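Remarks on the overall topology
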Amino acid sequence: MYLKITSLESEINQLQTEKERLTNDLKESIEQTIELKEQVDASLGADTMVSQLTQRNLELEEMLEKVKEERNDLEILCEMNDELQENSRETELELREEIERANTQINQLVRHLDATRETIADYEQTLGKFRDLVADLQTQNSDLQRSLADGKRLQEQQQQLHSTVATEFASSAVPFMGTKFGATSQAQTLAKVIEAELRRLEAEQSANHVTRLSAFLPDSFLRRGGDNEALLALLLIDRLTGNNVVDSQTTTVSGICIPGTDNPLPPLTKSKAEFYSFITRLIHLLRSMGSLLNQYKQIFTGCSVDLYLKFGSLYNEMCVHEHCIDRLIEQTKNDQLDETISLESLITSFNYSFNYIMFI
């Protein structure tokens, strides 16, 4: 009995041990079940989240497509903006160029307006001079009419005295024939005096003609460096050419430069060789100068206006060189030409003319 109880107790202990083990297993199973439920719940939440994330991803993809389209549109707009800016810069440059051209035209028009005003002022001044000249001419006309009336009265008086003069002339005709040949030289002298007086009157009339013509010209013509000085320079070239020809011909025709002639030499001449060398050098310089002056005349006969006015600005400088040739003519006329005279001034004039024509 005791053994049976003991066996039963041992079985009971075993059963209790088994119970405890099973209880522990049950607890573990319950815990695992709870964990599995939690995992199931978590997996169900994950599916929901996946579906939500999928939906969100689709929405984001749609938004991304829209953003890409907007970006493309913005890039196109940016390119258009760059093109517009480039076009605006080009347009700005063109407008600036047009503004500069317009300003240049405005300045030209202003200068033209100023020149026109000056021309109008010159014309008004010329008209004033013309009115004054007309008044003077009217006064002179009145004086001439009065002089004409006085002349008519004098002519009538001369006609009245004609008979008396004819009678006196007839009575003195015979003595006058006796002195005819003695008065020939006086008649020639009188003719020369009359001719000289006529030439003087002609020169005075030419000078008065030029003076009255100048009164009708604008002030710009007579201004320094203007057309008047250019005209005077051309006349100076003609005058220099004429004086040069006269001096050269006078020196050559006189025969003093020809060796072997009997022409007397100047008093201060040391030797014939030096004198002939001097005269030959002088004629060479004069003829070279004449050749240069003829080239000047040919050039300025058909040159441009700018060159013509530029040449006129040298008038005062060229007047100095005229005195050199005038002095040689005066010395030749007074028979004072010898080798002691310096030709440096003539050489300087020749070099000046030569350098200027080479510059042209």
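Residues numbered from 1 in each chain as written. Predicted model: local features only at pLDDT ≥ 70, side-chain atom pairs only at ≥ 80, totals over all residues. Heavy atoms only, no water.

**Considering the overall build of the chain**
- Regarding its fold elements, the chain presents 9 helices and 0 strands.
- The order of helices and strands in the chain, counted from the N terminus, is α-α-α-α-α-α-α-α-α.
- Within the chain, contacts between residues separated by at least 24 positions form 78% of all contacts whose residues are at least 6 apart in sequence. (Helix = DSSP H or I, 4+ residues; strand = E, 2+ residues; numbered from the N terminus. Contact = heavy atoms within 4.5 Å.)

**Points about helix α7 (residues 305-312)**
- The set of residues buried in α7 consists of Y308, F311 and G312. Burial along α7 is one-sided: seen end-on, the buried residues are contained in an arc of 105°. (Buried < 20%, exposed > 50% of the residue type's maximum accessible area, 1.4 Å probe, protein only. Arc of directions from axis to C-beta.)

**Details of the pattern of salt bridges**
- Here the structure, examined in full by the defined rule, presents 7 salt bridges.
- Residues R21 and D25 are paired through a salt bridge, measuring 3.2 Å at the closest nitrogen-oxygen approach. One end of the pair is R21 and the other is D25, both in helix α1 (residues 2-171) and 4 residues apart, which spans about a single turn.
- Note that R96 and E92 form a salt bridge whose closest N and O atoms lie 2.7 Å from each other. With R96 and E92 both in helix α1 and 4 residues apart, the pair spans about one turn of that helix.
- Three or more residues joined by partner-sharing salt bridges are found here, namely E18, R21 and D25. (Salt bridge = Lys/Arg side-chain N within 4 Å of Asp/Glu carboxyl O.)

**What to know about a negative patch on the surface**
- On the surface, E61, E62, E65, E69, E70 and D73 cluster together into a patch of negative charge.
- Checked against the element boundaries, E62 lands in helix α1. (Patch = residues over 30% accessible without salt bridge, like charges linked within 9 Å, V, L, I, M, F, W, Y side chains within 5 Å. Areas by Shrake-Rupley, 256 points an atom, 1.4 Å probe, with all protein chains shown as cover. Lys, Arg positive; Asp, Glu negative; His and termini not counted. Charge placed at Lys NZ, Arg CZ, Asp CG, Glu CD.)

**What about helix α8 (residues 315-333)?**
- The terminal C-alpha atoms of α8 lie 27 Å apart, and with 19 residues this matches the ideal 27 Å at 1.5 Å per residue to within 8%.
- Turning to α8, its buried residues are Y315, M318, C319, H321, E322, C324, I325, L328, Q331 and T332.
- Looking at the residues trailing α8, positive phi occurs at D335, about 55°. (Expected span 1.5 Å × (residues − 1).)

**Here we look at the confidence of the model for the chain**
- Mean pLDDT over the chain: 75, with 74% of residues reaching 70 or higher.
- Counting interchain partners and residues more than four positions distant, the pLDDT-below-50 stretch residues 172-183 has 0 contacts.
- The low-confidence segment residues 255-259 (pLDDT under 50) makes 14 contacts with residues lying over four places distant or belonging to another chain. (pLDDT = per-residue confidence, 0-100.)

**Topic: empty space enclosed by the protein**
- According to the stated counting rule, one finds 1 cavity of 30 Å³ or more in the structure shown.
- Taken together, the elements giving at least two residues each to the lining of the largest cavity come down to α6 (272-301), α8 and α9 (344-359).
- Within the lining of the largest cavity, the residues separate by chemical class into 5 nonpolar, 2 polar and no charged. (1 Å grid on protein atoms, 1.4 Å probe; cavity = no way out; pocket = protein on both sides within 12 Å on 5 of 7 lines; lining within 4 Å. Points joined across faces, edges and corners; volume = space filled by probe spheres on them. Nonpolar A, V, L, I, M, F, W, Y, C, P; charged D, E, K, R; others polar.)

**Notes on the nonpolar core**
- Membership of the largest hydrophobic core comes to 28 residues, with the highest contact counts inside it found for L282, F311, L337 and L346.
- Sorting elements by how many residues they give to this core places α6 first, with 12 residues. (Core = buried A, V, L, I, M, F, W, Y, C linked by side-chain atoms within 4.5 Å.)

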